[in-house]
Amino acid sequence: MPNINITKTEVLSDNWYTLRKVTYDYQKKDGTWETQSREAYDRGNGAAILLYNTEAKTVVLTRQFRMPTYVNGNPDGMMIEACAGLLDQDNPEDCIRRETEEETGYKVRDVRKVFEAYMSPGSVTEILHFFVAEYSQDMQVSAGGGLDHEQENIEVLELPFETALTMIESGEIRDAKTIMLLQYVQIQGLLG
């Protein structure tokens, strides 16, 4: 384990989330010390979930505009994703239950945490907690679509599981958390 000594932390921006520049001394394998600095974007930790229906062999995903993808070559900025959200002050399970109902309209009974991961460890502090849950039509309590005051304009998609997998290959699904969850369901054989 490397020895680290943080010598300076500067807030570069706290407009939306917090961007910090951290300067630190890092002890290399040969024992010498080197001063380095990196920027780290702290947007908080989050949770994501894939809803799946074992009888119909379907999954519930969302589609919404993502400005960062638009400015980086996604022609319309629209992304197909698993339901997700920031933890805020909630624990991961409470967060994902709330986000699932807000975004998809489903009030799921049993959620199961399957793993957690740093999504972009070179620049973002976020840990994402990954969940799966079975859903059925009787669990739908609203149309979903997100919250107006959060400026969410979310389209809810119910797709055959095999179609969703094909959409990874075609490039229609390019969101990392969604790909990870779809592949988890496939590897675990949750939909046959």
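For the structure itself, consult the block above.
Residues numbered from 1 in each chain as written. Predicted model: local features only at pLDDT ≥ 70, side-chain atom pairs only at ≥ 80, totals over all residues. Heavy atoms only, no water.

Comments concerning the environment of Thr 35
Worth spelling out the cut-off: Where helices and strands are cited, they refer to DSSP runs of H or I of at least four residues and of E of at least two residues respectively, numbered from the N terminus. Note on exposure labels: buried denotes an accessible area under 20% of the residue type's maximum, exposed denotes more than 50%, and partly exposed covers the range between, all computed with a 1.4 Å probe on protein chains only. Whether two residues are in contact is decided by their heavy atoms, any of which lying within 4.5 Å being enough.
Along the chain, the position of Thr 35 falls in strand β3 (residues 33–42). Thr 35 sits in the exposed class, given a relative accessible area of 56%. Once the C-alpha coordinates of Thr 35 and Asn 5 are considered, the two residues, 30 residues apart in sequence, prove to be 9.3 Å apart. Beyond its immediate stretch of four places on either side in the chain, Thr 35 contacts Thr 23, Tyr 24 and Asp 25.

Notes on the packing of aromatic side chains
Basically, it comes down to this: Within 6.5 Å between ring centres, the rings of Phe, Tyr and Trp (the latter by its six-membered ring) count as paired, and their orientation is classed by plane angle as stacked under 30 degrees, edge-to-face over 60, tilted in between. Either the NZ atom of lysine or the CZ atom of arginine qualifies as a charge over a ring when it sits within 6 Å of the ring centre and within 35 degrees of the ring normal.
Scanning all chains against the criterion turns up six aromatic pairs. Consider the rings of Trp 16 and Tyr 17, whose centres lie 5.7 Å apart with planes at 80 degrees: the pair is edge-to-face. Relative accessible area serves as the criterion here: at 67%, Trp 16 is assigned to the exposed category. Between Tyr 106 and Tyr 135, the aromatic rings sit 5.0 Å apart at their centres with planes inclined by 65 degrees, giving edge-to-face as the arrangement. You can see Tyr 106 sitting in the loop between α2 (92–104) and β8 (112–118) and its partner Tyr 135 sitting in the loop between β9 (127–134) and β10 (155–160), a full 29 residues away along the chain. The exposure classification of Tyr 106 matches that of Tyr 135, with both residues buried. By way of ring pairs, the aromatic residues Trp 16, Tyr 17 and Tyr 41 are connected into one cluster. Stacked on the ring of Tyr 17, the Lys or Arg Arg 43 has its end atom at 5.8 Å from the ring centre.

A few points about unusual backbone geometry
One non-glycine residue, Lys 57, adopts positive backbone phi at about 55 degrees. Mapping Lys 57 onto the fold places it in the loop between β4 (46–53) and β5 (58–65). For Lys 57, a relative accessible area of 40% translates into the label partly exposed. In this structure, Asp 88 takes a positive phi of about 55 degrees despite not being glycine. Structurally, Asp 88 is set in the loop between β7 (83–86) and α2. What makes Asp 88 exposed here is its relative accessible area of 59%.

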